[in-house]
Structures are given as structure tokens and as C-alpha cells.
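Listed below, chain by chain, are the residues.
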Amino acid sequence: MKFGRSWLPAHVLAWLYAALLVVPLYYLLVSAFKTNDQIFGSPFALPTSLSAHNFTEAFSSADLGSAVVNSVLVTALALALTLGLAIPAAFAIARTEGRLGAFVERVFSLGFLVPTFAALFPTFLLAAATGLFHTRAFMVLFLPATAMPLSVVILVQFMRTIPREMEEAARIDGASTFGVLRHVYTPMCMPGIATILLLNFLTFWNEYLYSLVIIGPDPEQRTVQVALPTLKSLTGTDYGILTAGTVLTLVPVWAVYTVLQKRMQQALVSGAVKM
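Rules used throughout
- Residues numbered from 1 in each chain as written.
- Predicted model: local features only at pLDDT ≥ 70, side-chain atom pairs only at ≥ 80, totals over all residues.
- Heavy atoms only, no water.
- Helix = DSSP H or I, 4+ residues; strand = E, 2+ residues; numbered from the N terminus.
- Buried < 20%, exposed > 50% of the residue type's maximum accessible area, 1.4 Å probe, protein only.
- Contact = heavy atoms within 4.5 Å.
- Phe/Tyr/Trp six-rings, centres within 6.5 Å; stacked < 30°, edge-to-face > 60°.
- UniProt positions renumbered as here; feature names shortened; annotations may be inferred.
- Axes fitted to C-alpha atoms, helices over the stretch in contact; angles between N-to-C directions.
- Parallel < 35°, antiparallel > 145°, perpendicular 65-115°, else oblique.
- Left-handed = near helix turned anticlockwise from the far one by under 90°.
- Nonpolar A, V, L, I, M, F, W, Y, C, P; charged D, E, K, R; others polar.
- Salt bridge = Lys/Arg side-chain N within 4 Å of Asp/Glu carboxyl O.
- Core = buried A, V, L, I, M, F, W, Y, C linked by side-chain atoms within 4.5 Å.

A. Region of interest: the overall build of the protein chain. When helices and strands are tallied, the protein chain shows 13 helices and 0 strands. Principal axes of the C-alpha set define a box for the protein chain whose edges measure 70 × 65 × 35 Å. Taking all 275 residues of the protein chain together, the buried fraction comes to 36%. Counting only contacts in the protein chain whose residues sit at least 6 apart along the sequence, the fraction spanning at least 24 positions is 72%.

B. Molecular detail of the packing of aromatic side chains. Summed over all chains, the structure comprises 9 aromatic pairs. An angle of 25° between the planes, with centres 6.4 Å apart, marks the rings of Phe121 and Phe124 as stacked. Within this pair, Phe121 and its partner Phe124 are both found in helix 6 (residues 120–129), separated by 3 residues, close to a single helical turn. Residue classification places Phe121 among the exposed residues on the basis of a relative accessible area of 55%. Judged by centre distance (5.1 Å) and plane angle (90°), the ring pair of Phe124 and Phe133 falls under edge-to-face.

C. Spotlight on the side chain of Ser71. Position of Ser71 relative to the elements: it lies in helix 4 (residues 64–95). Take Ser71: its relative accessible area is 3%, and that puts it in the buried class.

D. Quick peek at the UniProt feature "transmembrane region" (unreviewed entry) in the protein chain. Mapped onto the present numbering, the UniProt feature "transmembrane region" (unreviewed entry) falls on residues 12–33, 72–95, 107–132, 138–159 and 239–260. The distance from the first to the last C-alpha atom of residues 138–159 is 31 Å, and the span holds 100% helix and 0% strand. Between the end C-alpha atoms of residues 239–260 there is a gap of 32 Å, over a span that is 100% helix and 0% strand.

E. Spotlight on the packing of helix 7 (residues 136–159) against helix 10 (residues 190–206). At a closest axis distance of 10 Å, the pairing of helix 7 and helix 10 adopts a crossing angle of 160°. With respect to helix 10, the axis of helix 7 lies roughly antiparallel. In terms of crossing hand, the pair formed by helix 7 and helix 10 is right-handed. On helix 10, the residues touching Leu143, Pro144, Thr146, Ala147, Leu150, Ser151, Ile154, Leu155 and Phe158 of helix 7 are Pro191, Gly192, Ile193, Ile196, Leu199, Asn200 and Phe204. A breakdown of the residues in the contact of helix 7 with helix 10 according to their chemical character gives 12 nonpolar, 4 polar and no charged.

F. Broad picture of the pattern of salt bridges. Under the criterion given, the structure shown has 4 salt bridges. We note a salt bridge from Arg160 to Glu105, for which the minimum N-O separation is 2.9 Å. Highlighted residues: Arg160 in the loop between helix 7 and helix 8 (164–172) and Glu105 in helix 5 (residues 99–109), separated in sequence by 55 residues. Residue classification places Arg160 among the partly exposed residues on the basis of a relative accessible area of 38%. On the accessibility criterion, Glu105 (12% relative accessible area) is buried. By sharing partners, the salt bridges in this structure join Arg95, Glu167 and Arg171 into a single network.

G. Broad picture of unusual backbone geometry. Phi at Asp63 is positive, roughly 50°, even though this residue is not glycine. By the secondary structure assignment, Asp63 is in the loop between helix 3 (53–61) and helix 4.

H. Main features of the nonpolar core. Among the nonpolar cores identified, the biggest contains 28 residues, and Leu64, Met139, Phe142, Leu143, Phe204 and Leu231 are the most heavily contacted of them. Contributing elements (two or more residues each) for this core: helix 4, helix 6, helix 7, helix 10, helix 11 (209–215), helix 12 (224–227) and helix 13 (239–274). In terms of residue count, helix 7 provides more of this core than any other element does, 6 residues in total. The next biggest cluster of nonpolar side chains, apart from the first, holds 24 residues, and it includes Met159, Val180, Cys189 and Ile193.

Below, the structure written as C-alpha cells:
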């Protein structure tokens, strides 16, 4: 209690930051049930009805059904490929002693220096050269490449904290290298794996620029982020329908975050304790 006053500014800033997050979300949710006149006339008032008309109209107008399926397919396959590449790579780097492991880790870290727009044109040429232009398959292969630097760096830090005695005990029991990775390192790194899953899911699901350029506006293959802007019109946009479509695309994000948030919190707490 004696530290109450000293912590008051921190509490005030925390509540202000929370308000900055909650107010836009509240505005988005209530606007999804309103017409344009209600949105501009009373933007923060509660909706007069909870009709699902805007949601059904957004779902049909932008063909969000197939767009969501495409996004789920691309995101899920890209996440699986990212884990399949990042976990063994991090395992090898974490177990390597001397300068070689540090050098390889720095090579992965160089991926943070590549700007998104700088890689757009080479990526376009690569997609055309491989014959995968305007396909979802290229995005499934491309997205893990963009996620590898962050994923490997995070997992390496987790794996380096695992005592070597755990691996030695598994070796005595007859475990192979793959067995050590599967039964020792992977279970003990679950908070880190959950962290990269959540971060990469948010990145893959919200990816717009490369999906627009590589996959294109084809209704049968486009992702949800490419489909949403089709709800806008030069002659007059129905913002109630647009916000309803946006809310629909946020539901998977909320579901995944709800499932993985505890694991991510464990990763943050364990990292703070180790420091």
C-alpha cells in the first residue's frame, strides 16, 4: 500500500492505453449493426436493433465464405511449414557450440533487415518463373520464408535454456537425435512455439499486399483481406456492411488468441524470470 501513490501514474497510463484499444473496438462492433445514417448521426450510440442483415449481406456480397476458407487453408499450411522448418533449425543452432552457431543465428537475424516492399518485385518475378503466379501454393511457400527469422531467433533462445543433462538422459535411454528433439526439446519449448504460432498467425491472416499481387482478385482463390475491400464502392459505401465484414474476419483471430494466450503469457513470464 505504501507504493500506491508512486504507481498512480502507471495505472493512469495503463487505463488510458486500454481506452485507446477499447473505444475503436466498441465503435467497430456497434457500427456493424447500424445503417450509414445511424453511424454518422450517432456514432457511439448503441444500435437500435441487433439484426444480422449487415453480416449476411457482407458474407454474400464479398463472397467471404470462400475467402475465409482460402485464408484458413493458406494460413494453416504456412504455419505448419514454418514450424516444420523453424523447430529443427533452432534445435541445430541451439546445440551448436562455438562461432558456427552464432554465425548461423546472425544470418537468420539478417532477415529482419529486409523491408517488405523491397522484396515485392523479386517475389513477383520468382512466382512468375516458377509458374505459381496467381496461385495459393506460392503464398504457402512464401509466407514461411518471411517468418523464419523471427521464429528461429525466438526458439533458439528457448532451446538454449534447456539443460544438456536432459538430452544426455534421453541419449542413455536410447533416444536418437530426432527423438531428443521430439520428446525433450519440443515439449519444453511449447510456450515459445505457442508464441511464434500466434505472432505468425496474425501476420499470415492479415497479409494483404503479397496476397493481392500474387494471388490476385480471383474470387475462387483470394484471401479474406483481399475480399474485404470489394465491399467499398465509389458511388457510396455501406459502412455498416463493411464493418460487419471486418468483424467476421476478426472472429478467427480472437479464437486463436484465446487458445494460445496462456502459453504466450507463460513464455513472457519465464523470459522475465530468466532475465
